[in-house]
Amino acid sequence: MAEIIGVRFKNVGKVYYFDPDGNTLKRGDRVIVETARGVECGEVAMENRIVGDEDLVQPLKKLIRPATAADLKKVEENHKKEKSAFGICLRKIAAHKLEMKLVGVEYTFDNSKILFYFTADGRVDFRELVKDLASVFRTRIELRQIGVRDEAKMLGGVGVCGRPFCCSTFLGGFQPVSIKMAKEQGLSLNPVKISGICGRLMCCLKYEQETYAGLMKVVPAVNAAVMTPQGSGVVADRNLLSETVSVRLNVSPDSPPRTFRADEVKVLKTARAGRPRTGQSPPKNAEDH
C-alpha cells in the first residue's frame, strides 16, 4: 500500500500517480514533479489517498514541491514563449517547403525541451527543420506527429451537437469506435452524420454503446415473433430509448402496427439473422478508428 496523489498536466489528460512526500494537497493545487520529460508543473486531479501496490508503476516518483508564485509565473512566461515559437516554426516550415500542419507548441517547465506537434498525410523528413529550430532556440527540439483526433483534442471546438468537443472537455483518452455501434444505435450510416469535426466516427458512439447494448437485451428485435396483450404478431420496429416496439398483429396484418412496451410482450421466436435492410450497409469510406 502507498499514499499517492494524481497529477494531470493537460486540461483533459491522463492522470499520473506521485508520492506526495508528506504533503497534503487539494484538487486543483499546482505542483512541481519530475517526469520522463523532465521537471513539469501539473495540477492535482486526485487528492491524497491510499492505493494498492498492484495499481502502481514502480518506482513511484516523489513530489518536488507545491508550486510557488515564482513557479506559476514561469508557467505563464512559457505560454507566451509558446505563442512566439509557434510563429517562428510556421515560417521555418514554409521555408523548408514541408507538407505538414503545425498544431501546437509546448515548453517543458524547465525549458530543457520544446515540443512541436503537427499533423501530416504521411511521413515527413523534418531533420533539417529540427536543426534549424535548434539553432534558433538553442535547446532540445522534438517534433511529434499526431493524429486528427489528437489535433481536435488539442485545439478544441464545437461539435455537430452544438456542445464543446467531448475529447477536449472530459474524455481522458480515446477508445476504438466502430460502424457497428452506429448500426446498433439506429443511426444513419451517412459518414457526414456520424463523424466528428476530426473526420472520424464520433466518440460519443462509444460511451453510449453500453446503454444501447443493455437495451437490446430487453427490447425484442425487428422481425421477432412476439405475443402481445392483443395477440401474436411480428415486431416491425423498435425504439430502444423508450423501450417500446411496434408490432404488426397477425389478426390484422394490413392494419398499422400497434405500439407496446417491451415488458408487455413475450418473444416467441427470435429474429433470423440476415442481410442488413436497404440503406443499412456500411458506407465504403466510414472506417473504424
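Everything that follows concerns the structure shown earlier in this document.
Residues numbered from 1 in each chain as written. Predicted model: local features only at pLDDT ≥ 70, side-chain atom pairs only at ≥ 80, totals over all residues. Heavy atoms only, no water.

(A) Seen up close, the pattern of salt bridges. In total, this model carries 14 salt bridges according to the counting rule given. Its salt-bridge partner being Asp 21, residue Lys 62 comes within 4.0 Å of it at the nearest N-O pair. Within this pair, whereas Lys 62 is found in the loop between strand 4 (38-51) and strand 5 (63-66), its partner Asp 21 is found in the loop between strand 2 (15-18) and strand 3 (30-35), the two being separated by 41 residues in sequence. Residues Asp 125 and Arg 127 are paired through a salt bridge, measuring 2.9 Å at the closest nitrogen-oxygen approach. One network of salt bridges, with partners in common, ties together Lys 10, Arg 37, Glu 40 and Glu 106. (Salt bridge = Lys/Arg side-chain N within 4 Å of Asp/Glu carboxyl O. Helix = DSSP H or I, 4+ residues; strand = E, 2+ residues; numbered from the N terminus.)

(B) Broad picture of the sheet that holds strand 9 (residues 225-228). One open sheet holds the five strands; their spatial order is 12-11-10-9-13, and the pairing between them is antiparallel. Single-partner strands in this sheet number two, and they are strand 12 (258-261) and strand 13 (266-269). Taking each pair of neighbouring strands and ignoring which way they run, the sheet shows an average axis angle of 50°. By the bridge criterion, six bridges tie strand 10 (residues 231-239) to strand 11 (residues 244-249) in an arrangement that is antiparallel. In the strand pairing of strand 11, Arg 238 is matched with Val 245. (Pairing = 2+ DSSP bridges. Axes fitted to C-alpha atoms, helices over the stretch in contact; angles between N-to-C directions.)

(C) Broad picture of helix 1 (residues 69-96). With 28 residues, helix 1 extends 40 Å between its outermost C-alpha atoms, agreeing within 8% with the 40 Å of an ideal straight helix rising 1.5 Å per residue. Those residues of helix 1 that fall on the buried side of the exposure criterion are Asp 71, Val 75, Asn 78, Glu 82, Ala 85, Ile 88, Cys 89 and Ile 93. Taken together, the buried residues of helix 1 touch strand 3, strand 4, strand 5, strand 6 (101-107), strand 7 (113-119) and helix 2 (127-137). Within two residues after helix 1, Lys 97 carries a phi angle of roughly 55°, on the positive side. (Expected span 1.5 Å × (residues − 1). Buried < 20%, exposed > 50% of the residue type's maximum accessible area, 1.4 Å probe, protein only. Contact = heavy atoms within 4.5 Å.)

(D) Main features of unusual backbone geometry. In this model, Lys 97 sits at a positive phi of 55°, which is unusual for a non-glycine residue. Relative to the elements of secondary structure, Lys 97 occurs in the loop between helix 1 and strand 6. Of note in the backbone geometry, Glu 243 takes a positive phi value of approximately 55° without being a glycine. Along the chain, the position of Glu 243 falls in the loop between strand 10 and strand 11. Look at Glu 243 and you get partly exposed, because its relative accessible area is 36%.

(E) Looking closely at the nonpolar core. Counting residues in each nonpolar core, the largest one holds 18 residues, and the members touching the most others are Met 100, Phe 116, Leu 133, Phe 137 and Leu 143. Elements represented by at least two residues in this core include exactly helix 1, strand 6, strand 7, helix 2 and strand 8 (140-145). Of all the elements, helix 1 adds the most residues to this core, at four residues. When neighbours within four sequence positions are excluded, Met 100 is seen to be in contact with Ile 93, Phe 118, Thr 119, Ala 120, Val 124, Leu 129 and Leu 143. Judged by nonpolar contacts, the second largest core, of 13 residues, contains Tyr 212, Val 226, Phe 260 and Val 265. (Core = buried A, V, L, I, M, F, W, Y, C linked by side-chain atoms within 4.5 Å.)

(F) Examining the sheet that holds strand 5 more closely. Spatial ordering of the open sheet is given by 2-1-4-3-5, a layout of five strands whose pairing is antiparallel. Strands with a single pairing partner mark the edges of an open sheet, and in this sheet they are strand 2 and strand 5. Each strand of the sheet is rotated relative to its neighbour by a mean of 45°, with strand direction disregarded. Pairing geometry for strand 3 and strand 4, over six bridges, is antiparallel. In the sheet register, Thr 35 faces strand 4, and the bridge partner there is Gly 38. Against the sheet, helix 1 makes contact with strand 3, strand 4 and strand 5, and its axis sits at roughly 70° relative to strand 3, the strand it touches most.

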